[in-house]
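# Fold and geometry: a report
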Amino acid sequence: ALGVVASSIENVATEVRHMQRTEVLEGAEFFSAGQKGSSAMPHKKNPVLTENLTGLARTIRMAVIPAMENVTLWHERDISHSSVERAIGPDTTITLDFALHRLTGVIDWELVRIGAVQLDIGWLMFCADHDFWTDEIRPVAPVPPAELADIWQAGMGRSFADLRWYQALAAYQLGSIACLNVRLHRKRQRIDPMWERFAFTVSRFYQEGLRLVS
């Protein structure tokens, strides 16, 4: 299971790396002022975080074969599996936890060049769409999402494509933020009871976002 999650992380990371290629440039990691791409070519803007995630996914999957080999024991009595589990258990879970936090940060704060105006409209549509929300928490948005998009586009004097995709992205972003903050709240590292209300809504964010882009 940890290997599958790691592969999903690598899948997202690889997509970001591809979007940052010069000939594609549909998205990129944030590159701060003064940041260096590499010691040999400091002007390069390498996707260092997602490259790091790709490598971490490989180290997590490295534990899959030892875990499978632990299945076979002599009469279910020997403890040859113990030393393996003591090594791969902490290593893989800690690494996966770090990778999930890093991926959340990349998606929430680091991605640029993916269409700021479209994402603004997507967030408005997401907050106005009652299908995404439960009774536990629901924004006050009396205008339907499609009408909000029309008002915004009329004010901009132009139309935008793929707004449903940006609406789904907004749902995924808030879902990721909520998951992180619910975890911090329950571990009493950042106490805020509001996030407990979000805990019952996050799964719907992902379900409805997937429905929009399917």
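Please read these numbers as outputs of a predicted model, since none were measured by experiment.

### Topic: helix α1 (residues 2-19)
Look at α1: 26 Å from first C-alpha to last across 18 residues, which is about the 26 Å you get at 1.5 Å a residue. Listing the buried residues of α1 in full gives G3, A6, I9, E10, A13, V16 and M19.

### Points about unusual backbone geometry
Phi at D162 is positive, roughly 60°, even though this residue is not glycine. Mapped onto the elements of the fold, D162 is located in the loop between α6 (145-156) and α7 (163-186). Residue classification places D162 among the exposed residues on the basis of a relative accessible area of 58%. The backbone phi angle of R188 is positive, close to 60°, even though this residue is not glycine. The residue R188 is located in the loop between α7 and α8 (194-199) in this model. By relative accessible area, R188 is classed as exposed at 63%.

### Some remarks on the packing of α1 against helix α2 (residues 48-61)
One can describe the packing of α1 onto α2 by two numbers: an axis separation of 8 Å at closest approach and a directional angle of 160°. For the element pair α1 / α2, the angle class is roughly antiparallel. Crossing angle aside, the handedness with which α1 passes α2 is left-handed. Counted together, L2, G3, A6, S7, I9, E10, A13, T14, V16 and R17 of α1 and T50, E51, L53, T54, A57, R58, I60 and R61 of α2 form the full contact between these two elements.

### Some thoughts on the side chain of T201
Tracing the backbone shows T201 in the loop between α8 and α9 (202-213). For T201, a relative accessible area of 0% translates into the label buried. Of the polar contacts made by the side chain of T201, one reaches the side chain of T134; its length is 3.0 Å. Non-local contacts of T201, meaning those with residues more than four positions away in its chain, are made with F132, W133, T134, E136 and I137.

### A word on α9
Here α9 is 12 residues long and its end C-alpha atoms lie 17 Å apart, about the 16 Å a rise of 1.5 Å per residue gives. Along α9, the residues that are buried comprise V202, F205, E208, G209 and L212. Buried residues in α9, looked at end-on, bunch into an arc of 130°, giving them a common side. Of the exposed residues in α9, those oriented more than 90 degrees away from the buried face are Q207 and L210.

### Side note on the packing of aromatic side chains
In this description, a pair of aromatic rings is defined by centroid distance and the angle of the planes. Enumeration over the complete set of coordinates arrives at 8 aromatic pairs. A centroid spacing of 5.2 Å and a plane angle of 80° characterise the contact between F126 and F205, whose relative ring orientation is edge-to-face. Of this pair, F126 sits in helix α5 (residues 116-128) while F205 sits in helix α9, and the two are 79 residues apart along the sequence. We note that F126, like F205, is buried. Grouping aromatic residues by their ring pairs yields a cluster made of W123, F126, F132, W133 and F205.

Calculation notes
Residues numbered from 1 in each chain as written. Predicted model: local features only at pLDDT ≥ 70, side-chain atom pairs only at ≥ 80, totals over all residues. Heavy atoms only, no water. Helix = DSSP H or I, 4+ residues; strand = E, 2+ residues; numbered from the N terminus. Expected span 1.5 Å × (residues − 1). Buried < 20%, exposed > 50% of the residue type's maximum accessible area, 1.4 Å probe, protein only. Axes fitted to C-alpha atoms, helices over the stretch in contact; angles between N-to-C directions. Parallel < 35°, antiparallel > 145°, perpendicular 65-115°, else oblique. Left-handed = near helix turned anticlockwise from the far one by under 90°. Contact = heavy atoms within 4.5 Å. Polar contact = N/O pair within 3.5 Å; in protein donor to acceptor, adjacent residues only side chain to side chain. Arc of directions from axis to C-beta. Phe/Tyr/Trp six-rings, centres within 6.5 Å; stacked < 30°, edge-to-face > 60°.

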